[in-house]
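Here's the letter readout for the chains.
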Amino acid sequence: MRPLSIEGAWIHEPKVFPDHRGSFHEWFRAEDLREADGHGLALAQANCSVSRRGTLRGIHYADVPPSQAKYVKCVRGAVIDFVIDIRTGSPTYRSWEAVRLDDTTHHAVYLSEGLGHAFFALSDDAVVVYLCSAGYAPEREHGIDPFDPDLAIEWPEGIEPLLSPKDVEAPSLAEAERRGLLPSYEEAAAFRASLRTAGE
């Protein structure tokens, strides 16, 4: 597990063992995640999405608490995965980081509670699986306009993005902040600390 530039996000870079039959790797180790984040991932739901080339899913996040920590991996094809700091008061508020996830390197990304998430499919039939710390709850789920100029996310060029109607209609970050929909850095940190305490 290697920390990304946004606090609360890591990339898992496993060692892949290829041979004449194929390859093997460990794509999730609870011990490694617990050592990195301090509390590990209480698995509540596992999702699988299949996306056409150009599909843009996000920016998505959930209310804190309990929010929804995610451990994300692309098992077929390739995507660019984005971690977006939408926590008001965070030292890296409004910043983002992009990581390529594919079926060659087998990297995975972990986003802790309170962070925004999106990905962009680079190939047809890109299959992304993610482990979630909380189940889907529509009343707690929110989105941010992925093309908000205040975020200035550099999406892949030369590929027409495909979005859901919900993502097209998502508010800007400033609008979500004005409406009190964003998590704060303090409440996200406090919730993560409570998980660490509970695990002791």
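Our structure is the block above this text.
As the structure is a prediction and not an experimental result, all values here were calculated from the model. (Residues numbered from 1 in each chain as written. Predicted model: local features only at pLDDT ≥ 70, side-chain atom pairs only at ≥ 80, totals over all residues. Heavy atoms only, no water.)

Enquirer: Which residues make up the packing of aromatic side chains, and what are the values?
Expert: Applying the stated criterion across every chain, the model contains seven aromatic pairs. Aromatic pair Phe82 and Trp96: ring centres 5.9 Å apart, planes at 50°, arrangement tilted. Within this pair, whereas Phe82 is found in strand 8 (residues 78-84), its partner Trp96 is found in strand 9 (residues 96-102), the two being separated by 14 residues in sequence. In this structure Phe82 comes out as buried when scored by relative accessible area, which is 1%. Overall, Trp96 belongs to the partly exposed group, its relative accessible area being 23%. On the numbers, 4.4 Å between centres and 55° between planes, the contact of Phe82 with Trp155 is tilted. Of this pair, Phe82 sits in strand 8 while Trp155 sits in the loop between strand 13 (141-143) and helix 2 (165-168), placing them 73 residues apart in sequence. With a relative accessible area of 11%, Trp155 lands in the buried category. (Phe/Tyr/Trp six-rings, centres within 6.5 Å; stacked < 30°, edge-to-face > 60°. Helix = DSSP H or I, 4+ residues; strand = E, 2+ residues; numbered from the N terminus. Buried < 20%, exposed > 50% of the residue type's maximum accessible area, 1.4 Å probe, protein only.)

Enquirer: Just give me the short version of the sheet that holds strand 8, but keep the residues and values in it.
Expert: Ordered in space as 9-8-11-6-13, the five strands form an open sheet in which the pairing is antiparallel. Edge strands, defined here as strands with exactly one partner in the open sheet, are strand 9 and strand 13. Along the sheet, successive strands turn relative to each other by an average axial angle of 25°, direction set aside. Sheet analysis places strand 8 next to strand 11 (residues 116-121), joined by six bridges and oriented antiparallel. Paired with Ile84 across the two strands is Gly116, which belongs to strand 11. (Pairing = 2+ DSSP bridges. Axes fitted to C-alpha atoms, helices over the stretch in contact; angles between N-to-C directions.)

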